[in-house]
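Understanding the architecture of this molecule
Each chain, letter by letter, is given below.
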Amino acid sequence: MSVLGIDVSTLPSKIGVARNRGIGTILNEVSIVLLPANTISPLRRIIGRIISDPDLENEKKYLNAMLVDVNGTVAQRYGILVKTAIAGLNALRLINDTTATALSWESPKLTFRTLKTHPLRRASSSSKVLYTIDTSDIDCALQHFAKEFKTKYKIAVVSNPKATFRLAVGCERLKKVLSANTEAIKRRRRLFQTSRDEYEQLIALALERISGPLEQAFAESGLTGDQIGAVELIGGSNRIPAVRACIQAALGGKPLSTTFNQDEAISRGATFACAFFSPTFRVREFHMRDISHYPIQVCWERSEADPDEDTELTVFPRGNSVPSTKVLTFYRKGPFDIEARCLEPEGLPGRIHPWIATFFTKNVPAGPRGDLTCVKLKTRLNLHGIMSFDSAYVEEVDEREETAPMDVDGDAAPAEAPPKKRRVKKIDVPFTTLATSLDPVVLEKFKEQEAQMHAADKLVQDTEDRKNALEEYIYDTRGKLDDRYAPFVQPAEKTKLFGILQEGENWLYSEEGEDATKSAYVGKLDALKAVGDPIIARYREAEEYPRTIAELRTTLKEYMSQATSSDEKFAHLDPKDKNAVVEKCATIQKWLEVQIARQAERPKNQDGVLKPVDILKKKDAIIYFAIPILTKPKPKSVPPNGTQTPQSGTQTPDPGAKQEKTQQEAPPKAEEDVPRPPEMDVD
C-alpha cells in the first residue's frame, strides 16, 4: 500500500511518497520533480466556484480545458475530495498547506510534541513564520503576451487550448528567468524581449496586495515583528525579487530564509501526515492541530415560544481546531430547520457562495408534559475541515429506586429509603441534510469518464511509444548496415532492407504517418523487423559465440576433473557413475568441436548452424546430469555388532540404563524363593 502526499499547485503538481527509509518525491519520465500540469492549470483558483462566477470569466480566457458545472454545490475542500475520488484515490486527510509546511519543517528533527498553526501560520516549536500569499495573478499578468500575439502577428492564442497551455508554460519559464536576470527573450528568434522593470510593472497590482495577508496575520496572532525569530519562504513566486522585497518591507526589514526546498515542502509534509494514518508505516507519535481559517455560523428561525431567542450562533470561529465536535441545544415543539454558512463571505476566495449545509428535522417527539422538547444537535468539523451535521437526539431521563437489602434482624432500626438511580436514554430524531455534496450517480458518471480518459491517454502514450520505436529502428538499422552489420548481410538483403527503410521513413513523416493509429505503427515495425532482425541476429550470435563457448568448455573441464579425481571427497562415489559423467562430458565436447568446425565453414552473412542458445542448453544439460552424482553424500559408518561407540567422560549417566544393567547382572533367584500360586483345597 503506497502513501502519497499531493501538493495541488497552480500549474505543476508535486507528489511525495513514503518509503521504508524516509520520504521522497516522485519524478516524471525525465527525472524532474515537477510533474505534468493539471488538466486545468489554475485549479486552486477555480475549484469550488459556481459556473456563473464573474471572476471566472477572466480565468476562462486562459484555460486549456472545458469546465464542468456541478450545479454549484461543490465547495473548495469538498471539491478536492471529489477530485481524488474520481481519480481512484483514498484521501486520508486534507490539510492546509501551512500545516504541511510545518510538518515538513519538523519531520527531520523527530521531536514531535505539539505543532500548532495559528492565523500567523507559525510552528510553536521552531518560531518560524509561515504564511500564504496568493501570487497567481503574477502568472496571469504575463498572459498579456497573448494580446501582443494578436496585435503583432494576428494570432489568437487563447482560441486554441494547446497554444494557450504552451504560452502559459513559456510565461512560467520567463518568470523564472527574470527572477535571476534583468532581461529575457521570450521564445526563439527574439519574438519578445522583456526586462525585469517591465515585468514588475505588469504585476504591480499583485505586488500591492502582498502586505495585506501579513498585516492580518500580525493582527490575529497578537505578535509583533520583534517576536519573529526567522521568516521562511516557500513557493515559486517567492523567488521573484520584487515579491521578496515587498515581503521584507512588510516585516520591517527582517531577513528572509530559504532553507526549505521551496517546491517540495508542502508535498513532503502532506506525505508525512498520511504516513501517520497508514498501518504500513511506523511513525513516531506526534500531535498535530490543524485549524479552520474561515468562521462558520448556524442560523435558524426564532421559536414562537421564545420571542427573545437568538437566531444565529458562531459554532466554529476562526482558528478552531480540526477536527472538532460541538453539541447545539434547541427547545422546540415541532420540526425546525438550521442553516450553516460562512460568517465572513467577503473573506472567501473569489466569490464562492457562503452556504455550507441545511439541517431539516422531520419529527420532534413531544415533551413529557406537552411542552418544549430539548433537542441536541451534534455538529462536526471533520479531519478534512468540512462541517457536517452528524446526529440529532433527545434525552429521556429515567429514575428508578434501587432494591433495599432484606432486614433479617427484627430489632434493627428502620432503614433509610434507597437512593434513586438516574439513567439517561438517547432517542434519535430523524433528520435530513442538504450539503455541498455531489450526487452519487453523478460521481459514478465522472469516475467512468475519468476511466475512459485514462484509457485514451494510455492509448495516446502507447501510440507515441510505437511511433518512436519505429523511428528509432529505421535510423539505428540504416546507420549500422554499412558499419557493424556489413559482414553479416547479403547484397540482396541489404538492397531490400534499404528500400523498405526509406519507404518507412517517407511514410512516417507524411500526413498519414504523422497521425496514424497504434496498430499502423506496429504493422510497419513488424514488416521492417521481418527483414532486418535476421541480420541483427547473426551479428549478435557472432558476438555471443566466444563467451558461450568459453563457459561450456569451463564447465566440461570442471566436471571432467572432478569425475577423474582421486580426492578423498569423491572416493565414495560409484565408479560407474563417475564414468557416466566422463562419457557425458566427452560426448558434449565432441559435439561442440564438430559444430565449431561446421560454423567456421559457413559465411558470416548466412544463418549459423551453431546457436548460442544451443550451447547454453548443453551447458545446463551437463550441470543437471553431473551435480546429483558428484555431490552425493558419503554413507554413514555403522559400528560392528557387540561394540559400543565410545562416549566422552563428560556425558551425564542415565540412571534408568544403570538400573537395567544392574538387574541384568544380578544372579537368578533360587527356585524355592519364587512365589507359587496357593494349592487348591479339596477338603
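Throughout this description, residue numbers start from 1 for each chain and increase along the sequence as written. Local features in this predicted model are restricted to residues whose pLDDT is 70 or higher, and side-chain atom pairs enter the listing and the counts only when it is 80 or higher, whereas totals over whole chains, interfaces and linings include all residues. Remark: hydrogens and water are excluded; side-chain values derive from all non-hydrogen atoms of the structure.

**Considering the nonpolar core**
Applied cut-off: Here the nonpolar core consists of buried residues drawn from Ala, Val, Leu, Ile, Met, Phe, Trp, Tyr and Cys, with membership extended through side-chain atoms lying within 4.5 Å. Burial classes follow relative accessibility: with a 1.4 Å probe on protein chains only, a residue under 20% of its type's maximum area counts as buried, one over 50% as exposed, and anything between as partly exposed. Counting from the N terminus, the helices are DSSP H or I runs at least four residues long and the strands are E runs at least two residues long. The contact definition used throughout considers only heavy atoms, calling two residues in contact when any of these lie within 4.5 Å.
Counting residues in each nonpolar core, the largest one holds 25 residues, and the members touching the most others are V298, I338, L377, M387 and F389. Secondary structure elements with two or more residues in this core: β12 (296–300), β13 (312–316), β15 (324–332), β16 (337–342), β17 (355–361), β18 (373–381) and β19 (387–401). It is β19 that provides the largest number of residues to this core, a total of four residues. Those residues within four positions of F389 in sequence are excluded, and the remaining contacts are V298, I338, A340, A357, T358, F359, L377, K378, T379, F431 and T433.

**Observations concerning the pattern of salt bridges**
Basically, it comes down to this: The rule for a salt bridge is simple: a side-chain nitrogen of Lys or Arg has to be within 4 Å of a carboxyl oxygen of Asp or Glu.
Scanning the model with the defined rule gives 22 salt bridges in all. Close ionic contact of K376 with E395 constitutes a salt bridge, the shortest N to O distance being 3.5 Å. Linking K376 in strand β18 with E395 in strand β19, this pair joins segments that are 19 residues apart in sequence. With a relative accessible area of 21%, K376 lands in the partly exposed category. Put simply, E544, R547, E551 and K619 are held in one network by salt bridges that share partners.

**Let's talk about a negative patch on the surface**
Note the threshold: Candidates for patches are residues over 30% relative accessible area with no salt bridge; among them, like charges are joined within 9 Å and nonpolar side chains (Val, Leu, Ile, Met, Phe, Trp, Tyr) within 5 Å. Per-residue and other accessible areas follow the Shrake-Rupley method at a 1.4 Å probe size, with only the shown protein chains counted as cover for residues. Just so you know, the count uses Lys and Arg for positive and Asp and Glu for negative, and it drops His and the chain ends. Where a charge lies is defined by one atom per residue type, namely NZ (Lys), CZ (Arg), CG (Asp) and CD (Glu).
A surface patch of like charges, here negative, comprises D306, D308, D310 and E312. The topology assignment puts D310 in the loop between β12 and β13. Judged by its relative accessible area of 55%, D310 is exposed.

**Quick notes on the sheet that holds strand β3 (residues 22–25)**
To keep it simple, the criterion reads: Pairing between two strands requires that DSSP report at least two bridges joining them. The axes used here are C-alpha line fits, helices contributing only the stretch in contact, and every angle between their N-to-C directions lies in the interval 0 to 180 degrees.
The three strands are arranged β1-β2-β3 in an open sheet whose pairing can be described as antiparallel. With partners counted over all chains shown, the strands left at the sheet margins are β1 (4–7) and β3, one partner each. Direction aside, neighbouring strands of the sheet carry axes that sit 25° apart on average. As judged from the four bridges shared by strand β2 (residues 14–19) and β3, these two strands associate in the antiparallel manner. Across the sheet, the residue bridging to G16 is T25, located in β3. Set on the sheet, helix α12 (residues 265–277) makes contact with β1, β2 and β3; between it and β1 the angle comes to about 145°.

**Re the packing of aromatic side chains**
Just so we agree on the cut-off: Between 30 and 60 degrees the pair is tilted, below 30 it is stacked and above 60 it is edge-to-face, where a pair is any two Phe, Tyr or Trp rings, Trp via its six-membered ring, whose centres lie within 6.5 Å. Working rule: Lys NZ or Arg CZ, within 6 Å of ring centre, within 35 degrees of ring normal, means a charge sits over the ring.
Considering all chains together, one arrives at nine aromatic pairs under this definition. Relative to Y153, the ring of F149 lies with its centre 6.0 Å away and its plane at 45°, an arrangement referred to as tilted. Placement of the pair is F149 and Y153 together in helix α6 (residues 144–153), with a separation of four residues, close to one helical turn. Plain terms: the ring middles of W507 and Y521 are 5.6 Å apart, the flat faces sit at 70° to each other, and that makes the pair edge-to-face. Separated by 14 residues along the polypeptide, W507 in helix α14 (residues 491–508) and Y521 in helix α16 (residues 518–563) bring together distant segments of the chain. In terms of burial, W507 and Y521 fall into one category: buried. What links up through ring pairs into an aromatic cluster is the set W300, F330, F336, F359, F389 and F431. Lying across the ring of Y393, K426 places its NZ or CZ 4.8 Å from the centre. Against the face of W591 rests K618, its NZ or CZ located 5.0 Å from the ring centre.

**Quick word on the sheet that holds β12**
A sheet is described by the order of its strands in space; here five strands give the open sequence β13-β12-β16-β17-β21, paired in antiparallel fashion. On the outer flanks of this sheet lie β13 and β21 (431–435), each paired with one strand and no other. Mean inter-strand twist for the sheet, computed between neighbouring axes without regard to direction, equals 20°. Of the strand pairs in this sheet, β17 and β21 are connected by five bridges, and their pairing is antiparallel. What sits directly across from F359, in β21, is T433.

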